[in-house]
Amino acid sequence: MAKYLCTVCNYIYDTEVGDPPQIKPGTALEDLPDDWVCPSCGVCSKDMFKKL
């Protein structure tokens, strides 16, 4: 599983964890809905995350 870093607030999206309750564990970053934003800062869309 991969981890991705928010380039604004340094939140880490972990595909193994997801973003409960709306995003299930095991969801790849590219499979997130187009309107998904960083749950921490609310600024970054998925294309602004950097793979770790």
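Described in the following lines is the structure provided in the data block. (Residues numbered from 1 in each chain as written. Predicted model: local features only at pLDDT ≥ 70, side-chain atom pairs only at ≥ 80, totals over all residues. Heavy atoms only, no water.)

1. Side note on the side chain of Asp19
Tracing the chain through its elements places Asp19 in the loop between β2 (12-14) and β3 (49-51). Among buried Asp, Glu, Lys and Arg side chains, Asp19 stands out as unpaired, with Lys46 the closest opposite charge at 12 Å. Within the structure, the side chain of Asp19 is placed 3.0 Å from the side chain of Trp36, a separation counted as a polar contact. In contact with Asp19, not counting residues within four places along its chain, are Tyr11, Tyr13, Trp36 and Pro39. (Helix = DSSP H or I, 4+ residues; strand = E, 2+ residues; numbered from the N terminus. Buried < 20%, exposed > 50% of the residue type's maximum accessible area, 1.4 Å probe, protein only. Lys, Arg positive; Asp, Glu negative; His and termini not counted. Salt bridge = Lys/Arg side-chain N within 4 Å of Asp/Glu carboxyl O. Polar contact = N/O pair within 3.5 Å; in protein donor to acceptor, adjacent residues only side chain to side chain. Contact = heavy atoms within 4.5 Å.)

2. Description of the environment of Ser45
Along the chain, Ser45 falls in the loop between β2 and β3. Contacts of Ser45, omitting those with residues within four sequence positions, involve Trp36 and Val37.

3. Notes on the sheet that holds β3
If you walk across this open sheet you meet the three strands as β2-β1-β3, and the pairing is antiparallel. This sheet does not close on itself; its edge strands, each paired only once, are β2 and β3. Sheet twist, expressed as the mean angle between neighbouring strand axes with direction ignored, is 30°. Alignment of strand β1 (residues 3-6) against β3, held across three bridges, turns out to be antiparallel. By the bridge assignment, Cys6 is partnered in β3 with Phe49. (Pairing = 2+ DSSP bridges. Axes fitted to C-alpha atoms, helices over the stretch in contact; angles between N-to-C directions.)

4. Here's the deal with the environment of Cys6
Take Cys6: it is sitting in strand β1. As a C-alpha pair, Cys6 and Gly26 span 20 residues in sequence and 18 Å in three-dimensional space. In this view, Cys6 contacts Tyr11, Cys38, Cys41, Cys44 and Phe49; residues no more than four positions away in its chain are not counted.

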